[in-house]
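# Breakdown of the fold
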Amino acid sequence: MLLRSLTKINLRTLILSLAVLSVLITSGNSFYATYEVQRTLLINNTLEANRVYATKLAEVTDAFLKTTQSNLSYSANFLSSQMDNNDILMDETRRLHQQSGTFNSVYVVNATGTVIAASPQTLDLKGVKVNSTNAPQHLEAKQPLITDPYVSPLGNYMINLSHPIFSANGDYQGYIGGSIYLEQDNILGAILGKHYYHDGSYLYVVDRNKTLIYHPNKERIGQKIANNIAIDDVVAGKEDAHALFNSKGIEMLAGFAPVKRAGWGVVAQRPKQATLAGLDGHIVSVFIKALPLTFLTLLGIWLSAVFISRPLWQLAYNAQLIDKKEAQGNISSVRSWYFEAAQLKLAILKGTGLLNDKISQLHTDSHTDVMTGLLNRRGMQQMLDQYQEKQRSFAVVTLDIDHFKRVNDSYGHDVGDMVIKALAALMKNNARKEDALCRSGGEEFIIFLPDTTLSTALTVAERLRLQVAEFNMPTAGFITISLGIAYWPGDPVIINSILKQADQALYQAKQQGRNRTVTAGNITP
Ligand SMILES: Nc1nc2c(ncn2[C@@H]2O[C@H](COP(=O)(O)OP(=O)(O)OP(=O)(O)O)[C@@H](O)[C@H]2O)c(=O)[nH]1
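Throughout, residues of each chain are indexed from 1 in the direction in which the sequence is written. Residue-level local features of this predicted model are given only where pLDDT is at least 70; pairs of side-chain atoms are given and counted only at 80 or more, and the full residue set underlies all totals for whole chains, interfaces and linings.

- Per an unreviewed UniProt entry, the protein chain goes by the name diguanylate cyclase and belongs to Oceanisphaera ostreae.
- UniProt positions are given in the numbering used here, feature names are shortened, and annotations may be inferred rather than shown by experiment. You can read under Subcellular location (unreviewed entry) in the UniProt record for the protein chain the words "Cell membrane".
- UniProt lists a comment for the protein chain under the heading Catalytic activity (unreviewed entry), and it reads "2 GTP = 3',3'-c-di-GMP + 2 diphosphate".

Following this line, the structure appears as structure tokens:
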């Protein structure tokens, strides 16, 4: 069933379907490729932009730490000879606290771990003893230090930067330190926070232990982050970018860079969805812009399909109607503008030409008397049908060779045949183009003279009779013929009765002595 319906698909539909299908596949493919390329480009660009951005901020942070350590170093040098001067200690801590705005608090701790000066004074730190829990590394380090986050004696979550104080002779006298309160407004927020975007992008900083020391969401500060490849890489000192999922399961494009001076890592990231948000709209606008050209292409394909398939369709359609009269003309008028159609048209025309010739030959053969080439009885009947159909008047002459039996008897049948052929030739010479000559039986003939009056027919019949009488037949010599004439005026009188009338006139001519013409009816038309 499917095969049957497939065979009925015409060439135009086939070309159209294939072309439209290929246009759709090509367009779909190019849209998909464009989408994928744009998507990859956007993702890669965002990853790279975040990496560069994180690197820049890591450098800024590093420069800030360096400056801060220089300031602490300056103060430590200055205080090395002033460790017993309470006023100077207080002034210096206050200056450092208020002048730079770097620290939330500044303090000086002596070699035994007791705070001997602090700013702001409201903290009331003076006299507080630091220990390994609340100031873990300073005393042991005896060198410039940036601590890991820890909870201070007053309960602030903080990091400290410190610088040791040595006397002129190199004795360790304690250290000067500055605190950055991670959960309050601080210098890190001032440096990093202004870069926070509102499309879901943000930036955070972890320390060497993967603990958040800066995050736009302050509640997350102090949390340790696990299973994050960006953080794993950045605390290992790598600078790179990765696509990853954040703690809320949102896919992020993260760029990161280490702050080597502190062992920290800066991570800048943007949600992948926000990055690709414009892409769908972009592709839709590309699609809309491509629509007119696609429509024109489809129109062009449709016109081409019609143009290409038309000659073949016309040839196929007319080949179906090959037995119809007009088929050959229709096929000739097909504009076969390309090679295959032209060859096909030629082949069909040649085939139909041969077929028509053959049919015409068969038609002629079946309507012709073989011996004389005149119409036989079937041909005669067809002629009569045409006259009757067109109501065309005619005169009919029947003629018969006189005493033909004697010719046969005297000279043989072959000579008789020659006489019949010679008589037929004389009849042809004597006839007009539109006259119809028939051999109705052995040596009997009928001549139809269309649009001819009885008197003209008589003239024609007499002329023929005289010509025959004067013609010396091969071997048989001179013969005569008798003729009967009737006239059919084109009215509804049955034609066969006219033939009968002509026969009766012929009979009378025989009765009256032969070699004569007798007319049925009056001579005046
Ligand atoms: N050679 C030859 N003879 C034919 C042919 N057809 C018919 N005949 C002969 O024509 C003769 C006709 O003879 P009849 O009908 O008696 O008439 P007729 O001898 O012509 O005499 P009338 O017609 O009365 O003048 C017959 O002997 C037929 O055999 C033919 O095709 N060839």
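Here the narrative resumes, following the displayed structure.
### Concerning the overall build of the protein chain
- Numbering goes from the N terminus for both helices and strands, where a helix is a DSSP run of H or I of at least four residues and a strand is a run of E of at least two. If you tally the helices and strands in the protein chain, you get 14 helices and 18 strands.
- Going through the 525 residues of the protein chain one by one, you find that 32% of them count as buried.
- Contacts in the protein chain between residues at least 24 apart in sequence constitute 59% of all its contacts with a sequence separation of at least 6. In this scheme the burial state of a residue depends on its C-beta neighbours within 10 Å: 20 or more other such atoms mean buried, 12 or fewer mean exposed, and anything in between means partly exposed; the C-beta positions come from the backbone. Here contacts are defined at the residue level, using C-beta atoms placed from the backbone and a cut-off of 7 Å between them.

### Some points on the sheet that holds strand 18 (residues 517-519)
- Pairing between strands requires that DSSP locate at least two bridges from one strand to the other. If you trace the five strands from one edge of the open sheet to the other, you get 13-14-12-17-18, paired in mixed fashion. Looking along the sheet, the strands with just one partner apiece sit at the ends: strand 13 (436-441) and strand 18. Sheet twist, expressed as the mean angle between neighbouring strand axes with direction ignored, is 20 degrees.
- When strand 12 (residues 394-401) meets strand 17 (residues 481-488), the two strands line up antiparallel, connected through eight bridges. Along strand 17, the bridge assignment pairs I401 with I481.
- Across the sheet, helix 13 (residues 454-470) is in contact with strand 12, strand 14 (444-450), strand 17 and strand 18; its angle to strand 17 comes to roughly 165 degrees.
- Convention adopted: a line fitted to C-alpha atoms gives each axis, helices being fitted over their contacting stretch, and angles between N-to-C directions are expressed from 0 to 180 degrees. Sitting on the sheet, helix 14 (residues 495-511) touches strand 12, strand 17 and strand 18, and the angle it makes with strand 17 is about 150 degrees.

### Observations regarding the sheet that holds strand 11 (residues 264-271)
- Reading across the sheet, the five strands line up as 8-7-11-10-9 and stay open at both edges, with antiparallel pairing between neighbours. With partners counted over all chains shown, the strands left at the sheet margins are strand 8 (212-214) and strand 9 (240-245), one partner each. Across the sheet, the mean angle separating the axes of adjacent strands is 35 degrees when strand polarity is ignored.
- Pairing between strand 7 (residues 202-206) and strand 11: five bridges, direction antiparallel. In the sheet register, Y204 faces strand 11, and the bridge partner there is V267.
- Docked against the sheet, helix 2 (residues 11-79) engages strand 7, strand 9, strand 10 (251-259) and strand 11, running at close to 30 degrees with respect to strand 10.
- Docked against the sheet, helix 7 (residues 272-320) engages strand 9, strand 10 and strand 11, running at close to 35 degrees with respect to strand 11.

### Comments concerning the site of the ligand
- We call a residue near a molecule or strand when its C-beta atom, built from the backbone, sits within 6 Å of it. Neighbouring the ligand are 15 residues, the closest being D402, F404, K405, G416 and G442.
- Of all elements in the fold, only strand 12, helix 11 (404-411) and helix 12 (413-430) reach the threshold of two or more residues within the shell around the ligand.
- Looking at the shell around the ligand element by element, the count peaks at four residues for helix 12.
- Polarity classes work like this: nonpolar for Ala, Val, Leu, Ile, Met, Phe, Trp, Tyr, Cys and Pro, charged for Asp, Glu, Lys and Arg, and polar for all others, with Gly in that last group. Within the shell around the ligand, the residues separate by chemical class into three nonpolar, five polar and seven charged.

### With respect to the pairing of strand 2 (residues 115-119)
- With respect to burial, strand 2 is a largely interior element, five of its five residues being buried.
- When strand 1 (residues 105-110) meets strand 2, the two strands line up antiparallel, connected through four bridges. Across the sheet, Y107 pairs through a bridge with A118, a residue of strand 2.
- The antiparallel pairing of strand 1 with strand 2 creates a hairpin that spans four residues between the two strands, and G113 there sits at a positive phi of about 90 degrees.

### So, the nonpolar core
- Formed by 56 residues in total, the largest nonpolar core has its most connected members in A54, I213, V266 and V267.
- When residues in this core are grouped by element, the largest group, eight residues, is from helix 2.
- Sequence-distant contacts of A54, that is, excluding residues within four places in its chain, are made with G255, F256, A257, V266, V267 and A268.
- The term nonpolar core refers to a set of buried Ala, Val, Leu, Ile, Met, Phe, Trp, Tyr and Cys residues connected through C-beta atoms within 7 Å. Of all hydrophobic cores here, the second largest spans 46 residues; its members include L384, A457, I479 and I485.

### Comments concerning the environment of M90
- Counting through the fold element by element, M90 comes out in helix 3 (residues 86-100).
- Sequence-wise, M90 and Q121 are 31 residues apart; in three dimensions their C-alpha atoms are separated by 8.9 Å.

### Comments concerning the packing of helix 7 against helix 9 (residues 339-367)
- With their axes 10 Å apart at the nearest point, helix 7 and helix 9 run at an angle of 15 degrees to one another. Classified by the angle between their axes, helix 7 and helix 9 sit roughly parallel to one another. Crossing of helix 7 over helix 9 shows left-handed handedness. Where helix 7 approaches helix 9, its residues P311, L312, L315 and A319 are matched on the opposing element by A341, L344, K345 and I348.
- Taken together, the residues of the contact of helix 7 with helix 9 break down into seven nonpolar, no polar and one charged. Throughout, the term roughly parallel applies to angles under 35 degrees, roughly antiparallel to angles over 145, roughly perpendicular to angles from 65 to 115, and oblique to all others. Crossings are sorted by hand: turned counterclockwise from the far helix by less than a right angle, the near helix makes the crossing left-handed, and turned clockwise it makes it right-handed.

### Some thoughts on the packing of helix 2 against helix 3
- Relative to each other, helix 2 and helix 3 sit at 165 degrees, their axes nearing to 11 Å. In terms of axis orientation, helix 2 runs roughly antiparallel to helix 3. Where helix 2 crosses over helix 3, the handedness of that crossing is right-handed. On helix 3, the residues touching N71, S75, F78 and L79 of helix 2 are L89, E92, L96 and S100.
- For the contact of helix 2 with helix 3, a count of residues per class yields four nonpolar, three polar and one charged.

### Structural notes on the environment of F404
- You can see F404 is positioned in helix 11.
- Looking at F404, the number of C-beta atoms within 10 Å reads 19, which means it is partly exposed.
- It is 9.4 Å that separates the C-alpha atoms of F404 and I481, two residues lying 77 residues apart in sequence.
- Not counting residues within four places of it along the chain, the set of residues in contact with F404 comprises G416 and E443.

### Regarding unusual backbone geometry
- Cis rather than trans, the peptide bond between S119 and P120 has omega equal to 0 degrees.
- Residue position: P120 is located in the loop between strand 2 and helix 4 (138-141).
- Its identity is not glycine, yet T475 carries a phi of approximately 70 degrees, on the positive side.
- Structurally, T475 can be placed in the loop between strand 15 (472-473) and strand 16 (477-478).
- Its 14 C-beta neighbours within 10 Å are what place T475 among the partly exposed residues.
- For N515, which is not a glycine, the phi torsion comes out positive at approximately 45 degrees.
- Relative to the assigned elements, N515 resides in the loop between helix 14 and strand 18.

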